[in-house]
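Here's the letter readout for the chains.
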Amino acid sequence: MAEVIRMPRLSDTMTEGVIAAWHKKVGDTVKKGDILADIETDKATMELESYKDGTILHLGADKGGKIQVDDLLCIIGAPGEDVTSLVSGSSQSAPEAKAAGPAAKTETSAPPTAEAPAKQNASVDISKMEEVVLMPRLSDTMTEGVIASWHKKVGDAVKKGDVLADIETDKATMELESYKNGILLYQGGQPGEKVAVNDLLCIIGEQGKVDVDAIVAAAKGGAAPAGAELENKEQGTPNNEAAKAEASPATSSANSDGRVKASPLAKALAKEKGIDLAQVQGSGDGGRIVKSDVDNFQPQQAAQGQAASGGQPQTTNNKPQTFVAGEEGFNDTNVSQMRRVIAKRLGESKFTAPHFYLTMEINMDGAMEARTKMNEVSEVKISFNDMVVKAAAMALRKHPAVNSSWMSARPGTDGGDFIRTYQHIHIGVAVAIEDGLIVPVIRFADQKSLSQIGAESKELAGKARNKKLQPNEFTGNTFTISNLGMMDIEEFTAIINPPDSAIMAVGRIKEVVVRKGEGFGVSNVMKVTLSCDHRSVDGAVGAGFLQTFKKFLENPVTMLV
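The numbers attached to residues start from 1 for each chain and follow its sequence in the written order. Local features in this predicted model are restricted to residues whose pLDDT is 70 or higher, and side-chain atom pairs enter the listing and the counts only when it is 80 or higher, whereas totals over whole chains, interfaces and linings include all residues. Side-chain numbers here rest on the full set of heavy atoms in the structure, without hydrogens or water.

Q: Looking at this model, I keep getting lost on the side chain of Asp166. Mind explaining?
A: Topologically, Asp166 is positioned in strand S12 (residues 163-168). Given a relative accessible area of 0%, Asp166 falls into the buried group. Pairing of N or O atoms within 3.5 Å defines a polar contact, subject to two protein rules: one partner must be a possible hydrogen donor and the other a possible acceptor, and residues neighboring in sequence count only if both atoms are side-chain atoms. A distance of 3.0 Å separates polar atoms of two side chains, one belonging to Asp166 and the other to His151. Each helix corresponds to a stretch of at least 4 residues labelled H or I by DSSP, and each strand to a stretch of at least 2 residues labelled E; elements are numbered beginning at the N terminus. With a 1.4 Å probe rolled over the protein chains alone, any residue whose accessible area is under 20% of its type maximum counts as buried; one over 50% counts as exposed, and the rest are partly exposed.

Q: Which parts of the structure should I look at to understand the packing of aromatic side chains?
A: By convention here, two paired aromatic rings are described through the distance between centres and the angle between planes. Between 30 and 60 degrees the pair is tilted, below 30 it is stacked and above 60 it is edge-to-face, where a pair is any two Phe, Tyr or Trp rings, Trp via its six-membered ring, whose centres lie within 6.5 Å. Applying the stated criterion to the full structure yields 2 aromatic pairs. Measuring from centroid to centroid gives 5.5 Å for Phe479 and Phe545, while their planes differ by 55°, and the two rings are tilted. Highlighted residues: Phe479 in strand S24 (residues 479-483) and Phe545 in helix H14 (residues 539-554), separated in sequence by 66 residues. The buried category is assigned to Phe545, whose relative accessible area is 0%. Centroid distance Phe545 to Phe549: 6.4 Å. Interplanar angle 15°. Geometry classified as stacked. Taken together, the residues Phe545 and Phe549, both in helix H14 and 4 residues apart, mark about one turn of the helix. Following the ring pairs from residue to residue traces out a cluster consisting of Phe479, Phe545 and Phe549. Positioned above the aromatic ring of Phe384, the side-chain terminus of Arg371 is 4.5 Å from the ring centre. By definition here, charges over rings are those cases where NZ of Lys or CZ of Arg is within 6 Å of the ring centre and within 35 degrees of the ring normal.

Q: Explain the sheet that holds strand S10 (residues 144-150) here, please?
A: Sheets are built from strands that pair by backbone hydrogen bonding, the pairs being arranged parallel or antiparallel. The criterion for strand pairing is that DSSP finds at least two bridges linking the strands in question. Read across the open sheet, the 4 strands follow the order S13-S12-S10-S15; overall the sheet is antiparallel. A strand with exactly one partner marks an edge of an open sheet, and here the two such strands are strand S13 (173-177) and strand S15 (194-196). Each adjacent strand pair in this sheet contributes to an overall mean axis angle of 40°, direction not counted. Pairing of S10 with S15, which is carried by 3 bridges, proceeds in the antiparallel orientation. Within the sheet, the bridge partner assigned to Val146 lies in S15 and is Lys194. Fitting a line to C-alpha atoms yields each axis, with helices limited to the stretch in contact; the angle taken between N-to-C directions then spans 0 to 180 degrees.

Q: Explain the side chain of His151 to me, please; I cannot follow it from the model alone.
A: Inspection of the secondary structure assignment puts His151 in the loop between S10 and strand S11 (157-158). Taking the relative accessible area as the measure of exposure, His151 reaches 6% and is therefore buried.

Q: Is there a simple way to explain the sheet that holds strand S23 (residues 441-442) in this structure?
A: What the 6 strands build is an open sheet, ordered S17-S26-S25-S24-S20-S23; its pairing is mixed. Unpaired on one side and paired on the other, strand S17 (355-363) and S23 mark the two borders of the sheet. With 2 bridges joining them, strand S20 (residues 427-429) and S23 adopt antiparallel strand pairing. From the neighbouring strand, Gly428 faces S23, where its bridge partner is Val441. Pairs of residues are marked as contacts when any of their non-hydrogen atoms sit within 4.5 Å. Of the strands in this sheet, S17, strand S25 (502-516) and strand S26 (519-533) touch helix H11 (residues 365-377), which is tilted by about 95° from S26.

Q: Help me understand helix H13 (residues 450-465) in this model?
A: The α-helix winds at 3.6 residues per turn, so residues separated by three or four positions along the chain end up facing the same way. Counted at 1.5 Å a residue, the expected span for H13 with its 16 residues is 22 Å, and the 22 Å between its end C-alpha atoms agrees. Listed in full, the buried residues belonging to H13 are Leu450, Ile453, Gly454, Ser457, Leu460, Ala461 and Ala464. Seen end-on, H13 carries its buried residues on one side only, within an arc spanning 140°. On its buried side, H13 packs onto H11, helix H12 (384-398), strand S21 (431-433), strand S22 (436-438) and S23. Once H13 ends, the next one or two residues include Lys467, with phi positive near 55°. Between the first and last residue of a helix there are one fewer steps than residues, each counted as 1.5 Å, and that sum is the expected span. As used here, the arc is the angular range of directions from the helix axis to the C-beta atoms.

Q: Would you mind showing me how to read the pattern of salt bridges here?
A: Any two side chains of opposite charge can pair if their charged atoms end up close together. Each salt bridge in this description consists of a side-chain nitrogen of Lys or Arg and a carboxyl oxygen of Asp or Glu lying within 4 Å of one another. Across all of its chains, the model carries 17 salt bridges by this definition. Between Lys373 and Glu369 there is a salt bridge, and its shortest N-O distance comes to 3.6 Å. One end of the pair is Lys373 and the other is Glu369, both in helix H11 and 4 residues apart, which spans about a single turn. For Lys373, a relative accessible area of 51% translates into the label exposed. In this structure, Arg397 engages Asp446 in a salt bridge whose closest nitrogen and oxygen atoms are separated by 2.7 Å. Of this pair, Arg397 sits in helix H12 while Asp446 sits in the loop between S23 and H13, and the two are 49 residues apart along the sequence. When salt bridges that share partners are traced, they join Glu459, Lys463 and Glu473 into one network.

Q: Sorry if this is basic, but what is going on with the nonpolar core here?
A: Generally speaking, nonpolar side chains in soluble globular proteins are found buried as a group. Ile427, Phe479, Met504, Phe545 and Phe549 are the most contacted members of the largest nonpolar core, which totals 69 residues. Of the residues forming this core, the biggest block, 9 residues, is contributed by H12. Not counting the four nearest positions on each side in its chain, Ile427 is found in contact with Val389, Ala393, Leu396, Pro440, Val441, Ile442, Ala445, Phe479 and Ile481. Leu10, Val30, Val69 and Leu73 belong to the second-largest nonpolar core, a separate cluster that totals 19 residues. Buried Ala, Val, Leu, Ile, Met, Phe, Trp, Tyr and Cys residues that are joined via side-chain atoms within 4.5 Å together make up what is termed a nonpolar core.

Q: What should I look at first to understand the environment of Asp62 in this one?
A: Take Asp62: it is sitting in the loop between strand S6 (54-59) and strand S7 (66-68). What makes Asp62 exposed here is its relative accessible area of 63%. Counting along the chain gives 42 residues from Asp62 to Ala20, while the straight-line C-alpha distance between them is 9.2 Å. Asp62 has contacts with Ile19 and Trp22, leaving out every residue within four places of it along the chain.

Q: Sorry if this is basic, but what is going on with a nonpolar patch on the surface here?
A: For patch detection, residues must exceed 30% relative accessible area and be free of salt bridges, and they are connected within 9 Å for like charges or within 5 Å for nonpolar side chains (Val, Leu, Ile, Met, Phe, Trp, Tyr). Only the protein chains shown count as cover for residues, and all accessible areas are computed by the Shrake-Rupley method using a 1.4 Å probe. Judged by side-chain polarity, Met486, Met487 and Ile489 come together as a nonpolar surface patch covering roughly 330 Å² of accessible area. When you line up the elements, Met487 lands in the loop between S24 and S25.

Q: I would appreciate a short explanation of the packing of H12 against H13 in the present structure.
A: Think of two packed helices as two axes; the pair is described by the angle between the axes and how far apart they sit. At a minimum axis distance of 9 Å, the contact between H12 and H13 shows a crossing angle of 120°. Between H12 and H13 lies a crossing of right-handed hand. When H12 is examined against H13, the residues Asp386, Met387, Val389 and Lys390 are found in contact with a partner set consisting of Leu450, Ile453, Gly454, Ser457 and Lys458. Here the nonpolar group is Ala, Val, Leu, Ile, Met, Phe, Trp, Tyr, Cys and Pro; Asp, Glu, Lys and Arg are the charged ones; every other residue, Gly included, is treated as polar. Looking at side-chain class alone, the contact of H12 with H13 contains 4 nonpolar, 2 polar and 3 charged residues. Whether a crossing is left-handed or right-handed is set by the direction in which the near helix is turned from the far one by less than a right angle, anticlockwise for left-handed and clockwise for right-handed.

Here you go:
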């Protein structure tokens, strides 16, 4: 049966998307995971993947066309299937609703009659319903989101722009804002639970005019109990979710599972100040901790609270664990969204791309001397890593073959595999965070000064550690640098970060004794290892890139002219 694919909400502020490019045309076969189109949002251009198998039967707009969020993007079904009704229904429903105004919304959201609830549930498409909020696709690789916390509970009034929930993706934790007014009638999951992209996240509408049970049943593919919701409305009885919300205390900042309710800014501030959020009393909705609570927190308040309640100070997970000598044991840790995607993408890279490695030793005496002089005049402190980024970007300009991606042939197309060589240079800089690894991107790095690179690197690294990066800040890399030198690692190899053709692993700077003139002296050297995808980069090409990179670093003045 044909299915309408609707324009997803790919960023937290997106209202419409522009078709930058179609990767499929009408008649093409599509499989789950195939790229359908490049969608340009207000934040970035992202690849949209298909979540079903079938054949493209209709495209909602040509290249360059704008499509509103939740409007028809394309239709996928069986070859030759008639989709006239789906196309006309999608094209007419939105204008009719807008022309009719609020009255039309009320009529559309009216509950099904008690005589035929199952029939309506069997045919209803919840994505078309004004009251339904689906899990948005908040990053280019996101397939599901974890509800970190709810900012609203069932029964709360919601306005446009209000934060509904904190959603943990594979890249960051983002605040999801409401794009409509109403009452929160249903939550599709509890904190810590996963919700797949385009699955039911919550229901927002008018109290007493929305058949919540019918919508939930339709979302699950079943039928709602006949007349169940109508009976609740007639008797004025709140549904189970609302009752649970009213029964839960609003003064505590932690849920029953121990998860602390706090805004991302409050979490970042508490981490910076070394404050245990479990000891902070929240003043926000439902006891949620906000920035002012952390700013005004006094340690003695927590001590007084523990004494009054007779409780014991809470311990943190990062303290050394006790163990019994001679006894076996282990701990299982749930895999985060980020860790799951790291495992998937790097596993594919390692076993799909034929890696080879080139190691070179670089004399850093000139770089150290130049850095000292530059920091005397620069408003931003320039690090050695900033110099590595700049040198790599300049070397990529001279060796464009390294600034490339191996592109596999798309299913259903006549063309074969090809190499895409980029004219722009976007350097990804790997940053280690608590949940794994993320790669903020310095765009057009070859065109920026060392001071600009230094300032941008610090800003992006701070956002990465606080999970504040936006999609356009961690996508689009054409080359990646991973630096473990600050952790005393002399030399290592890195796995290529798709879609790049190469990644550079940077070790520490160390002193070595070398022959100087008639005697011996001390020089500072640094080893770098370039991991290359042999499908797109040959050994001689990678070696030539490293030679140019070495010249730039050993004589930094050449990067400035």
